[in-house]
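Results of the structural survey
The residues making up each chain are set out below.
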Amino acid sequence: QVQLVESGGGLVQAGGSLRLSCAASGRTFSRYTMGWFRQAPGKEREFVAAIVWNTDNTNYRDSVKGRFTISRDNAKNTVYLQMNSLKPEDTAVYYCAASTRAVGVKYDIWGQGTQVTVSS
């Protein structure tokens, strides 16, 4: 089964940047739509960004547009989330997720999460 491992989280000041990485096992990574989600304590998990397996089209929640960039390197089985101009409200555990379905998007594989904390 594919496994996802996130890294790159940490503590940064508002306005700073972080790049999260998600390393995936499995040889069919290039066929997975990959997404990033986040969850703050006491809050619902929310969608952050996704990159579609076939087209490499990207989607972002409105609050991160222009600040975050999702990308992937299929040769390295890795998806990235570049986060710039970070705000305290970006503080959350960030999860990488994979949609392994041939048709449609349903995230069925999840990483363990990496903490991002943005201080004011």
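The residue count restarts for each chain, going from 1 along the sequence in the order it is written. Owing to the predicted nature of the model, reporting of local features is limited to residues with pLDDT of at least 70; listing and counting of side-chain atom pairs is limited to 80 or more, with chain, interface and lining totals taken over all residues. Values reported for side chains reflect all heavy atoms of the structure, with hydrogen atoms and water molecules removed beforehand.

This brings us to the sheet that holds strand β1 (residues 4–7). Being paired, for any two strands, means DSSP has found at least two bridges between them. To qualify as a helix, a DSSP run of H or I must reach at least 4 residues; to qualify as a strand, a run of E must reach at least 2; elements of each kind are numbered from the N terminus. A sheet is described by the order of its strands in space; here four strands give the open sequence β1-β3-β8-β7, paired in antiparallel fashion. Both outer strands of the open sheet, β1 and β7 (68–73), are each paired with one neighbouring strand and no more. Across the sheet, the axes of successive neighbouring strands diverge by a mean angle of 15 degrees, strand direction being ignored. Sheet analysis places strand β3 (residues 18–24) next to strand β8 (residues 78–83), joined by six bridges and oriented antiparallel. Residue pairing for β8: S21 is matched across the bridge by Y80. In this description, a line fitted to the C-alpha atoms serves as the axis of each element, helices being fitted only across the stretch in contact, and the angle between N-to-C directions of two axes falls anywhere from 0 to 180 degrees.

The next subject is the pattern of salt bridges. Within this document, salt bridges are pairs made up of a side-chain nitrogen of Lys or Arg and a carboxyl oxygen of Asp or Glu, the two lying within 4 Å of each other. Using the criterion set out here, one finds five salt bridges in the structure. Put simply, K65 and D62 hold a salt bridge, and the shortest N to O gap is 2.9 Å. Burial classes: relative accessible area under 20% of the type maximum marks a residue as buried, over 50% as exposed, and values in between as partly exposed (1.4 Å probe, protein chains only). For K65, a relative accessible area of 48% corresponds to the partly exposed category. R67 serves as the salt-bridge partner of D90, at 2.7 Å between the closest nitrogen and oxygen. Separated by 23 residues along the polypeptide, D90 in the loop between β8 and β9 (92–99) and R67 in the loop between β6 (58–60) and β7 bring together distant segments of the chain. Each member of the pair D90 and R67 is classed as buried.

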